[in-house]
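Observations on the three-dimensional arrangement
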Amino acid sequence: MYASLYVLKAFGVTLRRFVESYVDDLKWFLKGGFGKRYTPDALAVRQSPKGRGIFTVQYPAERLPLPERFRGFPFLVYDDETGKPLCTACGTCARVCPPQCIWIVRASHPETGKPLREPAEFHIDISICMNCGFCAEFCPFDAIKMGQEIEIATFERDGTLLWNQEKLLRPLSYHAQIHPTDYAQEQAKRKPKKKKA
Amino acid sequence: MTEVTPEPTNGLMAELQERFPGAAQPAPEPQEGLTIARDRLVEVATYLRDELGYAYLSNITSVDYPEGTNGLPPRFEVVYHLYQPTGGPLVLHVHADREDPAVPSLAPLFPSANFQEREAWDLMGIRFEGHPDLRRILLWEGFDGHPLRKDWHEPYYEEDHKPFSSRFPEGRPMPAEERTLLRRNLRYPPGWSPRDWRPMADTWGYTPHDEVAHQKNPTHPADRVVLNMGPHHPSTHGVLRLLVTLEGETIQKLEPMFGFLHRCHEKIGERNTWLANMPYTDRLDYVCSMSNNLGYAIAVEKLLDVEVPERAEYIRVIMAEFTRFLNHAVSIGFTGNDLGIYFTAMLYALEEREFILDLFEMTAGSRMMCNYMRFGGVAHDMTDEAVELARELAFERLPRFVDKLEAFLTDNELFRARTVDVGVLPPEQAIAYGCTGPLLRASGVPYDVRRAEPYSIYDQFDFDVVVGTNGDAYDRYLVRVGEMRQSLRILQQALNRLPGGPVMAGKKKATLKVPAGEAYGRIEAPKGEMGFYIISDGGPNPYRYHIRAPSFINLGVMGELCRGHLIADVVIILASIDITLGEVDR
């Protein structure tokens, strides 16, 4: 139609942005050559709100770190030493789960038939799970946590995403590694209890 | 500036009771508002609209009582929420027969009732006598029954309320599709067969258009064209079908048709426990899940009567305002994209959105499905790192972005040529159609729930209600930009004053019982007034859970806005209304 001053001004915005991208690249290049541009220090600034210009993360090759609170899919925690799950089969997670994708069979004593404080079977239908994190939030024993695995797409539909206990279990050390703050808080809470006992 | 009007006092009730003796009575406890006699509803509503200024029919919903309560027989209830344009809610209840429910329609008086009454007919099966076009709106006509009735069960029906007893302690997994096999999960109305069904037949919306098409030139109806825009059209931002009758390139009639994303959110909500609805609200308007969370939390807190700690209130406001900023940025970006010439604006907006989403992810654990608010607070505290990021964004980065966006679009001739005087909405019409949000304010009506009925701690912040003058697509853009600046103002105040302390009142409870009663919690969501109408019977699940979705009701004015415009303007008008289909279809 017609172009004029304000359209040119808009072009200016884009042009400035374009130049800024290269100026930024150059700045990091001058700080230490090609390698310096993609070091964690550089990425921490360039991908933060302080960064200027365009900066692309080449996804499958490069990944942004996930924050600690990120909610992926739930996993069950087991003790590294004893190898036993922390879960006591209290059923809180199955009750609070909004899409009702958690199935638990409570173990019972083989002779007396009395219910035991451990699960015999534990299933989560990951294809129904809506990543709300209620199970981890309300678990009184810190036995279920939200993991950080996100690339779980499969080609099949039947049963591959219905995870059983074996597939859900992760060691406590893994939980400590991906959720350091959360783990520290839990330990701090647990210690005084042990002393009392 | 909007004045805060006090809640309707007994004076108003007394006045109505005096004027309509026997027809208007206070609703029995624990309900709010008035019970109106069915046959005099139109009379009362006319009086309220014309004499008392209750011109704004915000919300219509219906409740099923298959068993008598409150000493009343089994019945349906239709619930109306009316406002004066300056605030002041008034709740009306109308009872309908359980066997053959029929209520006089308010659509001739309030155009905003049109879509909402169709929704009530579709989902609850209440006939609105005198409604001009009472068809199903969200479901198709091969659907059997009315799903929100308490005696209606879905194909995968397991139990009335969650948690299902099959999950614990003997929880052997049983996928729903094994319980009800595919092909057996379908049910048609009696006497209805998919083979005889003709989607082109008169029930499917072509008839009214044919009438229009034949009006001018009955001998040559071909000079008008009926065009389907969507359901898969890039500018509809989802699956929305627009049925357009054209004369040349000029629109004679336009009708939005939707329901493609319908999942009967309200029925799911009645099955769920109170808390379990929180992550479901994320999925309503998936662009601004924090606002949805806030609306639901506020509605339930009204019944629970809990005090939210101060820090939690501040965090809520911070999150809600970031959401508003994010929504408006994306909305403006996509408007540019729909114009076909400004892909850049959209990418710039999405880049800023990424940072806000990073903040949400850091705080709540998820980028879009935040699930962050709880009754009586928020789920997690904001970490120092998150506060740092929020400050960086609110004080440095986002103001710079708004300036850049304005330099890009505001005075741009090409942008103005496509948006100025397109889709003009006069203020009276905006109110009559129940429009809210930037759509209403661009028409010059200074109505903002944050001012009209302050919730959370919005009364402690300085901000202006941005209004437009012409009510066209360009003014809606300007209002959105203005609101982004006001959001930043609120954010800066909130971040400067962010107090310490707990973020949750009491202990988090997995199962909670909500006292019996009804509540309507509303907030100013980025797209307009978002209302949650909930009824509790004192149990662990909601008895009724209705959402007043701003996109759904704003879409009602779409046909009116497009009339007389060119077909190319439809995308701009749609983008300027700013809808999310997840919320329209629910």
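Rules used in this analysis
- Residues numbered from 1 in each chain as written.
- Chains lettered and ligands numbered in written order.
- Predicted model: local features only at pLDDT ≥ 70, side-chain atom pairs only at ≥ 80, totals over all residues.
- Helix = DSSP H or I, 4+ residues; strand = E, 2+ residues; numbered from the N terminus.
- Buried ≥ 20, exposed ≤ 12 C-beta atoms within 10 Å, placed from the backbone.
- Core = buried A, V, L, I, M, F, W, Y, C linked by C-beta atoms within 7 Å.
- Contact = placed C-beta atoms within 7 Å.
- Domains from an automatic or database assignment.
- Nonpolar A, V, L, I, M, F, W, Y, C, P; charged D, E, K, R; others polar.
- Axes fitted to C-alpha atoms, helices over the stretch in contact; angles between N-to-C directions.
- Parallel < 35°, antiparallel > 145°, perpendicular 65-115°, else oblique.
- Expected span 1.5 Å × (residues − 1).
- Pairing = 2+ DSSP bridges.
- Left-handed = near helix turned anticlockwise from the far one by under 90°.
- pLDDT = per-residue confidence, 0-100.

1. Things to note about the overall build of chain B
- When you go through chain B residue by residue, the secondary structure sums to 20 helices and 17 strands.
- Overall, the C-alpha framework of chain B stretches about 65 × 65 × 60 Å when taken along its three principal axes.
- By the burial criterion, 51% of the 586 residues in chain B qualify as buried.

2. Some details on the nonpolar core
- If you look at the biggest cluster of nonpolar residues, it comprises 164 residues, and the most contacted ones within it are Leu359 and Ile573 of chain B.
- With 15 residues, helix α9 (residues 310-339) of chain B is the single largest residue contributor to this core.
- Contacts of Ile573 of chain B, omitting those with residues within four sequence positions, involve Val422, Gly423, Ala473, Met558, Leu561 and Cys562 of chain B.
- With 28 residues, the next largest nonpolar core counts Phe75, Ile102, Ile104 and Ala143 of chain A among its residues.

3. Structural notes on the domain arrangement of chain B
Residues and elements named next belong to chain B.
- We note that the domain assignment places domain 1 (10-129) and domain 2 (265-585) within chain B.
- Put simply, the middle of domain 1 and the middle of domain 2, counted by C-alpha atoms, are 28 Å apart.
- Counting residues at the interface gives 20 residues for domain 1 and 22 residues for domain 2.
- Among the secondary structure elements, those contributing two or more residues to the side of domain 1 that touches domain 2 are β3 (56-65), β4 (75-84) and α3 (113-124).
- Broken down by element, the residue count for the side of domain 1 that touches domain 2 peaks at six residues, all from β3.
- Partitioned by chemical class, the residues of the side of domain 1 that touches domain 2 number ten nonpolar, nine polar and one charged.

4. Things to note about the packing of helix α1 (residues 5-30) of chain A against helix α11 (residues 384-409) of chain B
- At a minimum axis distance of 7 Å, the contact between α1 of chain A and α11 of chain B shows a crossing angle of 140°. As the angle between them shows, α1 of chain A and α11 of chain B are arranged oblique. Seen from α1 of chain A, the contacting residues are Lys9, Ala10 and Val13 of chain A; seen from α11 of chain B, they are Lys404, Ala407 and Phe408 of chain B.
- Class assignment for the residues of the contact of α1 of chain A with α11 of chain B results in four nonpolar, no polar and two charged.

5. Points about unusual backbone geometry
All names here are of chain B.
- Of note, the amide linkage connecting Lys162 to Pro163 takes the cis form, showing an omega dihedral of 0°.
- The residue Pro163 is located in the loop between β7 (127-129) and α4 (176-179) in this model.
- One non-glycine residue, Ser456, lies in the positive phi region at around 50°.
- Within the fold, Ser456 resides in the loop between α15 (449-452) and α16 (473-497).
- One non-glycine residue, Arg586, lies in the positive phi region at around 45°.
- You can see Arg586 is positioned in the segment after α20 (581-585).
- Among the residues examined, Arg586 registers 25 C-beta atoms within 10 Å and is labelled buried.

6. What to know about α9 of chain B
All names here are of chain B.
- Its 30 residues place the ends of α9 44 Å apart at the C-alpha level, agreeing with the 44 Å of an ideal helix rising 1.5 Å per residue.
- Here α9 lies mainly inside the structure; 28 of its 30 residues are buried.
- Positioned one or two residues after α9, Gly340 has a phi angle of 90°, which is positive.

7. What about the sheet that holds strand β5 (residues 162-163) of chain A?
All names here are of chain A.
- As summarised here, the arrangement of the three strands in space is β2-β3-β5, forming an open sheet in which the pairing is antiparallel. The sheet terminates laterally at β2 (102-108) and β5, the two strands that pair on one side only.
- For strand β3 (residues 115-125) and β5, the ladder comprises two bridges, and the chain directions are antiparallel. Across the sheet, Ile124 pairs through a bridge with Trp163, a residue of β5.

8. Concerning the interface of chain A and chain B
- Taken together, the contact pairs 36 residues of chain A with 39 residues of chain B.
- Within the residue set of the side of chain A that touches chain B, elements represented by two or more residues are α1, α4 (92-96), β2, β3 and α5 (134-138) of chain A.
- If you tally residues by element for the side of chain A that touches chain B, the top one is α1 of chain A, at six residues.
- Here the residues of the side of chain A that touches chain B sort into 21 nonpolar, eight polar and seven charged.

9. Some details on the domain arrangement of chain A
- With domains assigned, chain A is organised as domain 1 (10-65) and domain 2 (74-190).
- Each of domain 1 of chain A and domain 2 of chain A has a C-alpha centre, and the two are 40 Å apart.

10. Here we look at the packing of helix α8 (residues 289-304) of chain B against α9 of chain B
All names here are of chain B.
- Running from amino to carboxyl end, α8 crosses α9 at an angle of 135°, the nearest separation of the two axes being 8 Å. Between α8 and α9, the angle is such that the two are oblique. Taken as a pair, α8 and α9 cross one another with a handedness that is left-handed. Where α8 abuts α9, its residues Met290, Ser291 and Leu294 lie against Arg316, Met319, Ala320 and Thr323.
- Of the residues that constitute the contact of α8 with α9, the class distribution is four nonpolar, two polar and one charged.

11. Comments concerning the pairing of strand β11 (residues 241-247) of chain B
Residues and elements named next belong to chain B.
- Here strand β8 (residues 224-229) runs beside β11; their pairing, made up of six bridges, is antiparallel. Residue pairing for β11: Val225 is matched across the bridge by Leu246.
- Direction of pairing for β11 relative to strand β12 (residues 250-257): antiparallel, over a ladder of seven bridges. Note on β12: the bridge partner recorded for Arg241 is Met257.
- Between the antiparallel neighbours β11 and β12 lie two residues, among them Gly248 with a positive phi of about 65°.

12. Some thoughts on the confidence of the model for chain B
Residue and element names in this part refer to chain B.
- For chain B, per-residue confidence averages 84 on the pLDDT scale, and 93% of positions sit at 70 or higher.
- Confidence drops under pLDDT 50 across residues 1-8; counting only partners more than four residues distant or on other chains, this segment forms 21 contacts.
- Reported for the predicted complex are a pTM of 0.88 and an ipTM of 0.86.

13. Re the environment of Cys139 of chain A
- Topologically, Cys139 of chain A is positioned in the loop between α5 and β4 (144-146).
- Distance from Cys139 of chain A to Gly113 of chain A, taken between C-alpha atoms, is 25 Å for residues 26 residues apart in sequence.

14. Digging into the sheet that holds strand β1 (residues 74-78) of chain A
Residues and elements named next belong to chain A.
- Read across the open sheet, the three strands follow the order β4-β1-β6; overall the sheet is mixed. Strand pairing shows two members of the sheet lacking a second neighbour, β4 and β6 (169-171), which therefore form its edges. Averaged over all pairs of adjacent strands, the angle between strand axes in this sheet comes to 50°, irrespective of strand direction.
- Sheet analysis places β1 next to β4, joined by three bridges and oriented antiparallel. If you follow Phe75 over to β4, its bridge partner there is Lys145.

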